[in-house]
Amino acid sequence: MEVGFLGLGIMGKAMSMNLLKHGFKVTVWNRTLSKCDELVEHGASVGETPAAVVKKCKYTIAMLSDPAAALSVVFEKDGVLEAICGGKGYIDMSTVDAETSTKINEAITAKGGSFLEAPVSGSKKPAEDGQLVILAAGEKALYDEAIPAFDVMGKKSFFLGPVGNGAKMKLVVNMIMGSMMNAFSEGLELADKSGLDPQTLLGVLDLAAIANPMFRLKGPTMIQGNYSPAFPLKHQQKDMRLALALGDENAISMPVAAAANEAFKKARGLGLGDLDFSAVHETVKPLKPASS
Ligand SMILES: NC(=O)C1=CN([C@@H]2O[C@H](COP(=O)(O)OP(=O)(O)OC[C@H]3O[C@@H](n4cnc5c(N)ncnc54)[C@H](OP(=O)(O)O)[C@@H]3O)[C@@H](O)[C@H]2O)C=CC1
Ligand SMILES: O=CC(=O)O
């Protein structure tokens, strides 16, 4: 079956590559068209616009940076909305807020198409390995149709009911992850500056009740100061911002998440937005004295 794929960033490239490897026919589009070349080498076709991809494919997946990108690919000229119609599906796997997803759902379904939001948990490596956790919500029939693709991209898919629930689940998960990353950064620095070996801290944490894959994966590179991007910090800060707005809507006080958001904002201000989100570690380090 021909599947469309819009957005070939860190995640979209890995996810669409997995679809190709598992025998799906994939037509790709990316705003920066040159990013399609590598996929073409692996057998993908290219659509000139999002509308051209949707026109060709029974269902189209999107993996875009943020709400503004998700909306623009649907609503702008040559966008998804120009070609979506009865019998076609649109699956947005980007991390956005429920309001964005709902707007897209309304527009797609008004034209007779079906819509699913399906943000994912798991980063570059799980995307490459087909080990994502998929948090889907919306049209159940489209979910059932997409299961073969989800099974290739992920290790587990959840169907969470009406549109909005996938987005909310993803934001809750990333709010927790962003808060944990800040506590972890502070702990690494505290260990170091109080005379402990941060490597030993990693060993202790890994045997403790709070052992987790994120500490295991990111700890060694954070100690080296290597922040090669798997999950760009600017996207984590976007997720904290959107999660805080969800907290605001529901009158949930989230001081820990708010402090974590401030740290990610500070890191963006320091020009670290395109690095991995673990670069928030740099905000905990003491400023180097200005050279005289
Ligand atoms: N990286 C990760 O670990 C994870 C990321 N996510 C989420 O997945 C989504 C994608 O993340 P990731 O792949 O890391 O991000 P990248 O920054 O690597 O890629 C972003 C993609 O969005 C496209 N894009 C940005 N703005 C626009 C626009 N205005 N119009 C059209 N296309 C646009 C980019 O196109 P171009 O190439 O032209 O810039 C690119 O294809 C985000 O929502 C992120 O929060 C979820 C789980 C894990
Ligand atoms: O959204 C990021 C992730 O690692 O999940």
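Keep in mind the model is a prediction, meaning the values are calculated, not measured.

## Concerning helix H11 (residues 233-249)
Along its 17 residues, H11 runs 24 Å from first to last C-alpha, staying within 8% of the 24 Å computed at 1.5 Å per residue. Within H11 the residues assigned to the buried category are Leu233, His235, Gln236, Gln237, Lys238, Asp239, Met240, Leu242, Ala243, Leu246 and Gly247. Check the buried side of H11 and you find it contacts helix H4 (67-75), helix H8 (165-193) and helix H12 (255-269).

## Observations concerning the nonpolar core
Counting 34 residues, the largest nonpolar core has Phe5, Met15, Leu19, Ile91, Met93 and Phe150 as the members making the most contacts within it. If one sorts the elements of this core by residue count, helix H7 (residues 140-153) sits on top with seven residues. Setting aside residues no more than four positions away along its own chain, Ile91 makes contact with Tyr59, Thr60, Ile61, Ala62, Leu116, Ala118, Leu142, Ala146 and Phe150. Within the second largest apolar cluster, 26 residues are counted, among which are Leu205, Met254, Phe264 and Leu272.

## Topic: the site of ligand 2
Near ligand 2, the surroundings consist of Ser121, Gly122, Ser123, Lys170, Asn174, Met177 and Phe231. At 2.8 Å, a backbone N or O of Gly122 approaches an oxygen atom of ligand 2. Lys170 is positioned such that a nitrogen or oxygen atom in its side chain is 2.8 Å from an oxygen atom of ligand 2. Mapping ligand 2 onto the cavity grids shows that it belongs to the largest pocket. It is H8 that provides the largest number of residues to the shell around ligand 2, a total of three residues.

## What to know about the UniProt feature "domain: 6-phosphogluconate dehydrogenase NADP-binding" (unreviewed entry) in the chain
Here the UniProt feature "domain: 6-phosphogluconate dehydrogenase NADP-binding" (unreviewed entry) sits at residues 2-161. Segment residues 2-161 splits into 41% helix and 24% strand. End C-alpha atoms: 26 Å apart.

## A look at the packing of aromatic side chains
For the coordinates displayed, the defined rule picks out five aromatic pairs. Seen from their ring centres, Tyr143 and Phe159 are 5.0 Å apart, and the 50 degrees between their planes marks the pair as tilted. Taken together, the positions of Tyr143 in helix H7 and Phe159 in strand E9 (residues 154-159) put the pair 16 residues apart, joining distant regions of the chain. A relative accessible area of 8% places Tyr143 in the buried class. Grouping aromatic residues by their ring pairs yields a cluster made of Tyr143, Phe150 and Phe159. Lying across the ring of Phe159, Lys140 places its NZ or CZ 5.8 Å from the centre.

Here is what the cut-offs are and how they apply
- Residues numbered from 1 in each chain as written.
- Chains lettered and ligands numbered in written order.
- Predicted model: local features only at pLDDT ≥ 70, side-chain atom pairs only at ≥ 80, totals over all residues.
- Heavy atoms only, no water.
- Helix = DSSP H or I, 4+ residues; strand = E, 2+ residues; numbered from the N terminus.
- Expected span 1.5 Å × (residues − 1).
- Buried < 20%, exposed > 50% of the residue type's maximum accessible area, 1.4 Å probe, protein only.
- Contact = heavy atoms within 4.5 Å.
- Core = buried A, V, L, I, M, F, W, Y, C linked by side-chain atoms within 4.5 Å.
- Near = heavy atom within 4 Å.
- Polar contact = N/O pair within 3.5 Å; in protein donor to acceptor, adjacent residues only side chain to side chain.
- 1 Å grid on protein atoms, 1.4 Å probe; cavity = no way out; pocket = protein on both sides within 12 Å on 5 of 7 lines; lining within 4 Å.
- Sits in = over half its atoms within 2 Å of the grid points.
- UniProt positions renumbered as here; feature names shortened; annotations may be inferred.
- Phe/Tyr/Trp six-rings, centres within 6.5 Å; stacked < 30°, edge-to-face > 60°.
- Lys NZ or Arg CZ within 6 Å of the ring centre and 35° of its normal.

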